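This is what each chain is made of:
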Amino acid sequence: MNERIEVSEASVRTLADLASLPLEEGREALLAPQLGDWLTAANELNRKMSKPEYRTIMPATVFTHPNVQEENE
Amino acid sequence: MTTTGTNENLARLSLAEAARLIEEKQVSPVDLVEASLERIAAVDERLNSYITVYEDGARQVAKACETMIVAGHKLGPLHGIPVGLKDNIGLEGLRTTAGSKVLADWVPEEDATVAARLKGAGAIVIGKTNMHEFAWGGTSANPHYGFVRNPWNTDRFPAGSSGGSGAAVAARLCFGALGTDTGGSIRLPSAINGIVGIRPTIGRVSNHGVVPLAWSMDTVGPMARTVEDCAIMFGAIAGHDPKDAGSAAVPVADYTADLGRGVEGIRIGIVPGYFFDHLQPPVHDAVRGALGVLEKLGASVVDVEIGHIHGNISAQLTVESCEPSTYHQRWLRERPEDYGDDVRLLLEIGEMHLATHYIQAQRYRSLLRREFMEAFKDVDVFICPTLPFTATRVGEMSVMIENGVEEDMLAAIMQFTGVPSLTGLPSLAVPCGYDDEGLPVGMQIIGRPFDEATLFRVGAAFQGTSEYHVQAPAL
């Protein structure tokens, strides 16, 4: 079951500081509720993808088909 | 060269009809461009679907196209056809804003590959269409270039992010347009504006020269009034591009070849417990009705379990949050005030996910794709609604789908479009009905990788029995 993540304004400020993101005063309150919603869902997905049966699953990435000639230049 | 019909009537021709009439020298590209410009002048003040209109340039190219066709020289299947480009697609020497203040004065030094290919096929770029800022959102409520409005009811939104392309095509302000699609940005405005649009297989169409949103899910695709029109445009832009490292070297088909084959024997999958749950009733009824039509034409509809489908919205929001925030990292620090409120907030939030959230979301994509690929052993396509509701009022950031519950617009709008985005599968949006207020409903046909031809085949079979694609909004 989802465990609702309550993100405080202080937490938003800390995360912004850790990312060197100069967040204007007052924006913490705007970000906190939506960040809480999204992290709650992301943590739920973390729990699913951490199950042993998915241990061999590789992440999807940008599949590149490089121009070999260009790469060798 | 003799042109028959008024400009109003010319603007209402389908792309395929217009192309045929040009080839037969019954219609001049000059008159098609004038017809489109006249429509833009008459109605776009109410729609705001274009950021820039190239009146002089389009007229010059049209004259050249006319001279060529009279001389018996046809550039390609789009010779002389006026089209719009979403304003995140670069054009050499012409301003390309991505709907932003940040890139308000950006002038690319070369055409995006898709723009060059359209021009090479003879298309005339008549203007750049309005969009959600940097394509990061689904409403096309653009704070810098004005909110785009829905031609079926200008109090309603056109969806997005390719909302300008959707509104312009539906309102007959061009014969087709290009959009870009990351989480649904071609298919959503196609459905909401009652037109056809395709999200191609990832890698099928070049992204070179297009302002990115989320690299691992971005695609360019055509939006047009009919499946045939969409297939013609798609054929002009599809194919490998050595300038795009994500481009796939897979042969391109003639996408119009199978349009008349029908759907006898086609197996259509639906996912019980997901595709027809949590919908506004008119959407449910219209898409179920379309399935019934296809069954009568000889297709079969089967239930398919996709056990991992739940969780896709979170994965989308995580990927579509982290990747744009990476691209915008420098601008967000140097000029945050130049972003609109909603996009700025999303970009800031994208800086606050953990790497493990992002990577688990990317692992989930592999899991979901594997399950769909297994399912394609038993079905040829899946069909579901494009989105669970019809057009909401302009400016609304929440939506009521059922039981009087207000839901966040961004998560709600991605309910069905996210599956192809995450899995890289192609998906065609086709109009299939209206709600009680006359607002369009769209269905989504999802197919195997690089099998866009089957999607066009199914969509064309449906349009052969319906008239949703020939209805035009009364503007």
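### Comments concerning empty space enclosed by the protein
All names here are of chain B. Enumeration according to the criterion identifies 4 cavities of 30 Å³ or more in this entry. Within this model, the largest cavity holds a volume of roughly 70 Å³. In terms of lining residues, the largest cavity is bounded by 14 residues, among which Gly-137, Gly-138, Ser-185, Glu-320 and Met-414 are the most central. Of the residues assigned to the lining of the largest cavity, the class counts are 6 nonpolar, 7 polar and 1 charged. Of the volumes computed, that of the second largest cavity is approximately 60 Å³. Every residue along the wall of the second largest cavity is listed here: Asn-88, Ala-135, Thr-180, Thr-182, Asn-207, Val-210, Val-211, Pro-212, Leu-213, Asp-218 and Thr-219. Tallied by class, residues from the lining of the second largest cavity come to 5 nonpolar, 5 polar and 1 charged.

### Details of the side chain of Gln-34 of chain A
By the element assignment, Gln-34 of chain A lies in helix α2 (residues 27-49). A relative accessible area of 19% places Gln-34 of chain A in the buried class. Aside from chain neighbours lying at most four places away, what touches Gln-34 of chain A is Leu-345, Leu-346 and Ile-349 of chain B.

### Quick word on the packing of helix α3 (residues 29-47) of chain B against helix α4 (residues 55-70) of chain B
Residues and elements named next belong to chain B. At a closest axis distance of 7 Å, the pairing of α3 and α4 adopts a crossing angle of 155°. Compared by their axis directions, α3 and α4 come out roughly antiparallel. Where α3 abuts α4, its residues Pro-29, Val-30, Val-33, Glu-34 and Leu-37 lie against Glu-55, Ala-58, Arg-59, Ala-62, Lys-63, Cys-65 and Glu-66. Looking at the contact of α3 with α4 residue by residue, the classes come out as 7 nonpolar, no polar and 5 charged.

What counts and how
Residues numbered from 1 in each chain as written. Chains lettered and ligands numbered in written order. Predicted model: local features only at pLDDT ≥ 70, side-chain atom pairs only at ≥ 80, totals over all residues. Heavy atoms only, no water. 1 Å grid on protein atoms, 1.4 Å probe; cavity = no way out; pocket = protein on both sides within 12 Å on 5 of 7 lines; lining within 4 Å. Points joined across faces, edges and corners; volume = space filled by probe spheres on them. Nonpolar A, V, L, I, M, F, W, Y, C, P; charged D, E, K, R; others polar. Helix = DSSP H or I, 4+ residues; strand = E, 2+ residues; numbered from the N terminus. Buried < 20%, exposed > 50% of the residue type's maximum accessible area, 1.4 Å probe, protein only. Contact = heavy atoms within 4.5 Å. Axes fitted to C-alpha atoms, helices over the stretch in contact; angles between N-to-C directions. Parallel < 35°, antiparallel > 145°, perpendicular 65-115°, else oblique.

On their own, these measurements won't tell you what the molecule is for.
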